[in-house]
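Chains, contacts and geometry: an overview
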Amino acid sequence: MSDAKTVLILGDQLSRNLATLRDLNPAQDRVVMAEVAAEASYVPHNRHKIALIFSAMRHFRDALRADGLAVTYFEYSEGLASLGEALDLARKRSSITQVDCCEPGEYRVQEHLNAWARQSACTINWVEDDRYLCSINAFKAWASGRKQLRMEHFYRQMRRQHGLLLDASGGPEGDKWNYDQENRAGWRGKDSIPQRPDIPQDAITKAVFAEVETAFPDNPGDLSQFNFAVTAGGATAQLDFFIDHCLPLFGRYQDAMAEESPWLYHSLISMYLNIGLLDPLDICQRAEKAWREDKCELSAAEGFIRQILGWREYVRGIYWMNMPGYDKLNELAAHEPLPQWFWTAETDMQCLHKALQQSLDLGYAHHIQRLMVIGNFALLAGLNVQEVCDWYLAVYVDAFEWVELPNTLGMALHADGGLMASKPYAASGKYIKRQGDHCNSCRYKPDKVTGNDACPYNSLYWRFIARHQQQFESNPRMRLTLTNWQRKSADQQRAILDWADASHQRLLRD
Ligand SMILES: Cc1cc2nc3c(=O)[nH]c(=O)nc-3n(C[C@H](O)[C@H](O)[C@H](O)COP(=O)(O)OP(=O)(O)OC[C@H]3O[C@@H](n4cnc5c(N)ncnc54)[C@H](O)[C@@H]3O)c2cc1C
Ligand code: SF4
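Residues numbered from 1 in each chain as written. Chains lettered and ligands numbered in written order. Predicted model: local features only at pLDDT ≥ 70, side-chain atom pairs only at ≥ 80, totals over all residues.

With that settled, consider the site of ligand 1. Taken together, 27 residues are adjacent to ligand 1, and His266, Ser267, Ser270, Gln307 and Glu404 come closest. When residues of the shell around ligand 1 are traced back to their parent elements, those giving at least two are α9 (270-275), α11 (298-322), α13 (367-381) and α15 (401-412). When residues of the shell around ligand 1 are assigned to their parent elements, the largest contribution, six residues, is made by α15. Mapping the shell around ligand 1 onto the domain boundaries places at least three of its residues in each of domain 2 (136-201 + 231-322) and domain 3 (340-509). (Near = placed C-beta within 6 Å. Helix = DSSP H or I, 4+ residues; strand = E, 2+ residues; numbered from the N terminus. Domains from an automatic or database assignment.)

Here's what the structure looks like:
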């Protein structure tokens, strides 16, 4: 008989097919799970996120026990400070010399557990997390020797490797790898938006709500609006709903924004994927099947698969290839303190108000709101990179550093100098107007650059370009923008910059 195993399962590893859960012997092996203060409070997490993870963990514990496995489980009310403390307590109950654990999603957790192992003379056996479609080493091998990393090249390789949307000759279905050009319609209110189903919550989740309300009274998140599934079965039902009702228009409105809906046709599955309730390959295959059965256009299925097979795996690779250190980058020297209204949503900029409010209340904003409304403002205003990253890590229900950091620090704030994105995602109010209907009910005018009713994004955009001219000069993708700025007369430039400085001061002081 082999030695008894102890397996530590983290809150984002709730998958029955997790590598460390395969081949366990219920007669002797043991699983340890713990809700601990260090994980629940390293940033002021949205209460939706804490409730989702605690409830999903407790449901997962019960499912493992129903399968006959012994699970040592510590609930939050037991007051454990850290994962290390949980393992110490587990060791008091039975002799443990090695803990098996799948690679964690965050460098911080890996460091903590490695430090615990050193001081407790116990080994951590890190097991590759093969729920991801590209391993950390495979990503490093793909990246090594390339002068520039581009998601599109990585994505094509992943399509080939996983046999997704390929024709009989192994080329891309429809003869094109990418239908991004067809995924950019703005919202004009012409299509009806599917009503999301209400998800019933059971006694376990309701008990968690009460604990979270008491333990985290000041954190963002309105739990009366909690509408997430907490089991793999529940998450699959949400995916079914998306495939049947939203996928057909997902591609067209992927970059759109609407006053009437926080989610339009988006899938609302990142939180399930990130904690292990859904499997990425299965999701991609479901989207491909929907297209093959004529339930959606190729552009919709491709656009959706690209997000999961391409972007999601790519950002994970970037994170692990560049940590530690990536979290400290600040290429554009952005140091302005995060305004207090990021925590209240009290701003008269309508697009920003809407995006912040739903982020705080629901823990959700879709990609364009995160990138082109909130992130764009933070970039143009030069907000402190670490403070912005911490804010993103706190407010979103799907936020884990491996995915949050490259998206925020790299894609939105360009603080990695172009590793994630070949040019900054900086835009004026005209872009936001084109993509949605927020400007119709805003006190500002998206076509004006200066004056009391001018959209603040406009002058801040030119201020940003003017301040970073030298850094952007060698970037061919910025040439047109720089030329447009340099063509303005000195008087025009002065007027815009004076107005931008005044707006900047007012907005950051409010
Ligand atoms: C500044 C910023 C911060 C972000 N922080 C996070 C985060 O903390 N956690 C997170 O999961 N995503 C993050 N994203 C990516 C993306 O915005 C969310 O995954 C998406 O909005 C989740 O909503 P959805 O499930 O409805 O996605 P959909 O729009 O329906 O997309 C489908 C799926 O594709 C994946 N996906 C799409 N874009 C990305 C991307 N850029 N990176 C990784 N996966 C992607 C997600 O798993 C998502 O569920 C961030 C993006 C930006 C610009
Ligand atoms: S006018 Fe500017 S601030 Fe107002 S909603 Fe439009 S883009 Fe946003």
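And the narrative resumes.
For helix α8 (residues 232-250), built from 19 residues, the straight-helix expectation of 27 Å at 1.5 Å per residue is missed by more than 12%, its first-to-last C-alpha distance being only 23 Å. Along its length, α8 reaches its greatest deviation from straightness, about 45°, at Asp244, and the proline Pro248 lies no more than four positions downstream. Within α8, the full set of buried residues consists of Ala232, Ala235, Gln238, Leu239, Phe242, Ile243, Cys246, Leu247, Leu249 and Phe250. Contact partners of the buried residues in α8: α9, α10 (280-292) and α11. (Expected span 1.5 Å × (residues − 1). Bend = angle between axes of the 7 residues up to and from the residue. Buried ≥ 20, exposed ≤ 12 C-beta atoms within 10 Å, placed from the backbone. Contact = placed C-beta atoms within 7 Å.)

This part takes up the site of ligand 2. In the vicinity of ligand 2, 13 residues are found, and the nearest of them are Cys351, Gly429, Cys439, Cys442 and Cys455. If you list the elements that add at least two residues to the shell around ligand 2, you get α12 (350-362) and α16 (429-435). In terms of residue count, α16 provides more of the shell around ligand 2 than any other element does, three residues in total.

A word on the domain arrangement of the protein. Taken domain by domain, the protein holds domain 1 (6-127), domain 2 (136-201 + 231-322) and domain 3 (340-509). Domain 1 and domain 3 are separated by 39 Å when their C-alpha centres are compared. Contacts between domain 1 and domain 3 engage 12 residues on the former and 12 residues on the latter. Looking at the side of domain 1 that touches domain 3, the elements that each hand over two or more residues are α2 (47-66) and α4 (107-120). A total of three residues in the side of domain 1 that touches domain 3 trace back to one element, the largest contributor, which is α2. Taken together, the residues of the side of domain 1 that touches domain 3 break down into four nonpolar, four polar and four charged. (Nonpolar A, V, L, I, M, F, W, Y, C, P; charged D, E, K, R; others polar.)

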